[in-house]
Amino acid sequence: MSKEIKPKRRDFLFTATYAIGAVGVGSAIWPLVDQMNPDSSVKALSTTEVDISSVEPGKTITVLWRGKPIFIRRRTKKEIDEAASVDLKDLKDPEKDSDRAKNPEWLVMVGVCTHLGCVPLGDKGEYKAWFCPCHGSHYDTSGRVRKGPAPKNLEIPKYEFVDNNTIKIG
Amino acid sequence: MSEEKYIPKSKLAAWFDSRLPLLTLSHHLQSYPTPKNLNYWWTFGGILTFCLITQIITGLVLAMHYVAHVDHAFESIEHIMRNVNYGWLIRYVHANGASMFFLAVYIHIFRSLFYGSYKSPREVIWIIGLIIYILMMATAFMGYVLPWGQMSFWGATVITNLFSAIPFIGESITTWLWGGYSVDNPTLNRFYSLHYLLPFLIFGLVILHIWALHVPGNNNPIGIDVKKNSNETMPFHPYMVMKDLLALLLFISVFLWFVFFAPNVLGHPDNYIEANPLVTPSHIVPEWYLLPFYAILRAIPSKLGGVIFMFAAIFILMLLPWLDTSKVRSAVFRPLYKKFFWVLVFTVILLGYLGAKPPEGIYLILSRLATAYYFIHFLILLPILGRYEKTDPLPMSISDPVLDKPGVIDKIKKAASKYEGDNVSSFK
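Residues numbered from 1 in each chain as written. Chains lettered and ligands numbered in written order. Predicted model: local features only at pLDDT ≥ 70, side-chain atom pairs only at ≥ 80, totals over all residues. Heavy atoms only, no water.

**Digging into the interface of chain A and chain B**
Item 1. Tallying the contact residues gives 25 residues for chain A and 24 residues for chain B.
Item 2. Summed over both sides, the interface of chain A with chain B buries roughly 2300 Å², with 65% coming from carbon and sulfur.
Item 3. Looking only at chain A, the three residues that lose the most surface to chain B are M36, L116 and H135 of chain A, adding up to 27% of its buried area.
Item 4. Across the contact surface, chain A and chain B share zero salt bridges.
Item 5. Where chain A touches chain B, the interface holds 10 residue pairs in polar contact (both at pLDDT 80 or more).
Item 6. At the level of secondary structure, the elements contributing two or more residues to the side of chain A that touches chain B comprise α2 (40-44), β2 (59-65) and β3 (68-74) of chain A.
Item 7. Split by residue class, the side of chain A that touches chain B holds 13 nonpolar, eight polar and four charged. (Contact = heavy atoms within 4.5 Å. Buried area = accessible area lost by both parts, 1.4 Å probe. Salt bridge = Lys/Arg side-chain N within 4 Å of Asp/Glu carboxyl O. Polar contact = N/O pair within 3.5 Å; in protein donor to acceptor, adjacent residues only side chain to side chain. Helix = DSSP H or I, 4+ residues; strand = E, 2+ residues; numbered from the N terminus. Nonpolar A, V, L, I, M, F, W, Y, C, P; charged D, E, K, R; others polar.)

**Some thoughts on a nonpolar patch on the surface**
Residue and element names in this part refer to chain B.
Item 1. A cluster of nonpolar side chains, contributed by L12, W15, F16, L20, L22, L23, L25 and L29, occupies part of the molecular surface with about 750 Å² of accessible area.
Item 2. Elements that contribute at least two residues to the nonpolar patch include exactly α1 (11-19) and α2 (22-31).
Item 3. Tallying contributions element by element places α2 first for the nonpolar patch, with four residues.
Item 4. The residue W15 is located in helix α1 in this model.
Item 5. Of the residues examined, W15 reaches a relative accessible area of 47% and is grouped as partly exposed. (Patch = residues over 30% accessible without salt bridge, like charges linked within 9 Å, V, L, I, M, F, W, Y side chains within 5 Å. Areas by Shrake-Rupley, 256 points an atom, 1.4 Å probe, with all protein chains shown as cover. Buried < 20%, exposed > 50% of the residue type's maximum accessible area, 1.4 Å probe, protein only.)

**Quick notes on the state of the cysteines**
Covalent bonding between the sulfur atoms of two cysteines defines a disulfide.
Residues and elements named next belong to chain A.
Item 1. Applying the stated criterion across every chain yields a total of one disulfide over all chains.
Item 2. A disulfide bridge connects C118 with C134, and the sulfur atoms are separated by 2.0 Å. Residues C118 and C134 are joined through a disulfide that is left-handed, its torsion about the S-S bond being -100 degrees. Highlighted residues: C118 in the loop between β4 (106-110) and β5 (121-124) and C134 in the loop between β6 (129-132) and β7 (137-139), separated in sequence by 16 residues. Just as C118 is buried, C134 falls in that class too.
Item 3. Looking at the unpaired C113, the closest cysteine sulfur is the one in C132, lying at 3.8 Å.
Item 4. Judged by its relative accessible area of 4%, C113 falls in the buried class. (Disulfide = S-S within 2.5 Å.)

**So, the confidence of the model for chain A**
Item 1. With 98% of its residues at a pLDDT of 70 or more, chain A has an overall mean of 87.
Item 2. Helix α1 (residues 9-34) of chain A holds the highest mean pLDDT among the elements of chain A, 93, whereas α2 of chain A holds the lowest, 82. (pLDDT = per-residue confidence, 0-100.)

**So, helix α3 (residues 77-85) of chain A**
Residue and element names in this part refer to chain A.
Item 1. Three or more residues of α3 are buried, namely E79, I80 and A83. Along α3, the residues classed as buried sweep out an arc of 100 degrees about the axis, all on the same side. α3 presents K77, K78 and S85 as exposed residues on the side facing more than 90 degrees away from its buried surface.
Item 2. Buried residues along α3 sit in contact with β3 and α4 (97-100). (Arc of directions from axis to C-beta.)

**Things to note about the sheet that holds β4 of chain A**
Residues and elements named next belong to chain A.
Item 1. Taken in spatial order, the three strands of this open sheet run β2-β3-β4, and their pairing is antiparallel. Since the sheet does not close on itself, it has two edges, and those belong to β2 and β4, each with one partner. The mean inter-strand angle of the sheet, taken between neighbouring strand axes irrespective of direction, is 20 degrees.
Item 2. Where β3 and β4 come together, five bridges link them in antiparallel fashion. (Pairing = 2+ DSSP bridges. Axes fitted to C-alpha atoms, helices over the stretch in contact; angles between N-to-C directions.)

Okay, here's the thing in structure tokens:
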């Protein structure tokens, strides 16, 4: 029985049948998996325009975008200076403040902790900026993580200034 | 199995049984030989079956009144509590039933740990049991989301965000789980659908769990193999059935005490505030039965690390039959293991306590120590003990430890002698 067994015509047919069968099963399962992804109506709600004319320096407003809170803070001079003066070497996720705020006076961020998704509290924590109560992450006045289990800085959404008083998010 | 064979009593029974052997099955379940020394820790299997059926029945009824929509879910729960006839009772039984289910399952699991019920030849029973336990946690978690209170919403947010820790594909997975960019209506709907499905999967696995149990038969407090159908076993019915029923009645008393006198004590008051995606409650805690794992998650100062350790804490139990290399099953004959067992029980309870506390200061230090000990127990202590522990001699039969006590035989003889002369022929 030392003779090598050569694949026969029938083996080829079996393999081909399995392969086609696997493709068939896969294409039947995919719609069942993909139906769980965001649907068209969810995707349609992808931009929000916000009027920011009434926000005073040192105040934050929170708006809802894609079911998530967006923090829009009009920063004070002191906060901007603090955020700009940080040495990048001290940061867990190094990012310059000027890369995070197009207009240094306005900080626009997704108000969702990058650890496990809680909403951080404003004007709290060791950096007098944001603090997440769930698992104790501290963020600075630029929304960068400084302490705690969060791996990344607070996310900056896509946004633009439509005019001096309006921001379009998304 | 070496049981007596089922002999049909009537022609009809014989006709039916030869076509579908349900009567043979029923006979097997009744006459199934159980070790005669099973103690009350062995009654929790029956209690757990009761819990599962209670949850399925009350859940079925609640589903007739509940509305799975973010605008109506919270109201529909209040509707059940205030308007539906006996709705308050059914909901409180269902909500507290989940806690009771976990209470029983933890006792059942620790019973296995103490008496070595996971060891050869019962590894498959153990693994099926763990799969049931994991499905129970998933089911309970999704059920807790349905009332759409603050804890529901933020619990769902935190737990689904665990998956975002997976490198590269994590974000897509969470979006897929949510059906959107945050926990919202699509999430609530799918959780409802799965919360309804999973208990039936659990039910199927329970059947496999019992089937796998009936192949080698029960372990017992002495942990030695028992000769089936000898004077060391008794038929399951009526002996074990009666013992199980007594334990079940006591268990139901505790259960109903919670339902009638403290229905909300195991829940969290924040869940009576409707879900608000803009405000996180200042202190998020999961239900008590998930707290030890939550403490492990927070003990690790890295997002991915915390998630890995939390899941590892559960999955390490799957390897237990191979990590514990001691051939002696019962802790009764393992003087060192017995001590470490109780240290483990204490550690898990401590982790549960720490999971409910804020993750800072002394609480954080203790959770790290307890987490480390938890893994040391399974990965280091058990293999070492299996090798070096000097175990006590095992008895030859499960009757020996009882009969070997000094004076027992004399007592039996004395009791028997009282009947000498009486016409109690059956006694001899």
